[in-house]
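# Remarks on the overall topology
These are the residues of each chain, in order.
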Amino acid sequence: MKKLLTLLLLTFVVVGCGDKNAIDANYVEGVNYRALATPIVTSGEQVEVMEFFWYGCPHCESFEKPLHQWQKTMAADVRLVQSPAIWNDLMKLHAKVFFIVQNMPAGDKAHAALFQEVMGLREIRDIKLQTQKMAEFLQRFGLSQTDFERQLASAEINQQLAQAIKLMSQSEIDGTPSIVVNGRYLVLNQSAKSFEQVLDITRFLVEKEKGRLAAN
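Below you will find a few notes about this structure. (Residues numbered from 1 in each chain as written. Predicted model: local features only at pLDDT ≥ 70, side-chain atom pairs only at ≥ 80, totals over all residues. Heavy atoms only, no water.)

Let us look at the nonpolar core. Grouped together as the largest cluster of nonpolar side chains are 44 residues, with contacts concentrated most on Val97, Ile100, Leu114, Met134, Leu138 and Phe148. Of all elements in the fold, only β2 (47-53), α2 (89-102), α3 (107-119), α4 (127-139), α5 (145-152) and α6 (155-171) reach the threshold of two or more residues within this core. Sequence-distant contacts of Leu138, that is, excluding residues within four places in its chain, are made with Val97, Ile100, Val101, Met104, Ala110, Leu143 and Phe148. Core analysis: the second largest hydrophobic core is formed by 22 residues, Phe63, Leu80, Val181 and Ile201 among them. (Core = buried A, V, L, I, M, F, W, Y, C linked by side-chain atoms within 4.5 Å. Buried < 20%, exposed > 50% of the residue type's maximum accessible area, 1.4 Å probe, protein only. Helix = DSSP H or I, 4+ residues; strand = E, 2+ residues; numbered from the N terminus. Contact = heavy atoms within 4.5 Å.)

A rise of 1.5 Å per residue sets the reference length of helix α1 (residues 58-71), with its 14 residues, at 20 Å; its end C-alpha atoms lie 20 Å apart and thus fit the reference within 8%. The largest bend along α1 reaches roughly 35° and is located at Glu64, with the proline Pro66 sitting one to four residues downstream. Those residues of α1 not exposed but buried are His59, Cys60, Phe63, Glu64, Pro66, Leu67 and Trp70. Tucked into the core, α1 has its buried residues touching β2, β3 (78-84), α3, β4 (178-181) and α7 (195-215). (Expected span 1.5 Å × (residues − 1). Bend = angle between axes of the 7 residues up to and from the residue.)

What follows is about the packing of α2 against α4. In the contact formed by α2 and α4, the axes pass within 10 Å of each other and the chain directions differ by 20°. In terms of orientation, α2 lies roughly parallel with respect to α4. Considering the relative orientation of α2 and α4, their crossing is right-handed. On α4, the residues that touch Asp89, Leu90, Leu93, His94, Val97, Ile100 and Val101 of α2 are Ile127, Gln130, Thr131, Met134 and Leu138. (Axes fitted to C-alpha atoms, helices over the stretch in contact; angles between N-to-C directions. Parallel < 35°, antiparallel > 145°, perpendicular 65-115°, else oblique. Left-handed = near helix turned anticlockwise from the far one by under 90°.)

Next up, the structure:
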């Protein structure tokens, strides 16, 4: 299995991002970020910030709060998209659960709770058993087992899964959480000293992209 955990330290101190006290630096390509060999085509006129994550990654869970706090500071021409990382069949299941949750009335609460749920199931390698555990978990948020099974096998969810796998291939990531800005730049987590700085590199790249788009 490929490396699933980011090189970010567990002891990172997370502070508010996007305010006047945020780090103001000129970050360097090849050190703080890398340009993708082949840019990913993005949709819409907004600059897209895509986070690749996995419910079984404790660093991803820790990154959730600062990421969404930072999202609240985004300008109208910037949007955050979360995409599940997928390296094996169990992660395919977790990705499909993510897409199912997006359509649920209690989706935000279910999404937040899924990190602890999936991390608690990491020793269970049997896909059928994990699938049943996922069904039981989502029942607590109002989704019946029948609806869960129907959606899990649906063409819509499988299409979303195929798209997520394609994005994974194009993104060149090897760990989670990872951020790609507007399909062009991958933030290099190992260069950052905190979650704050990861997001500040992201902000820098967003502004870089805005400048490029304005010049075209």
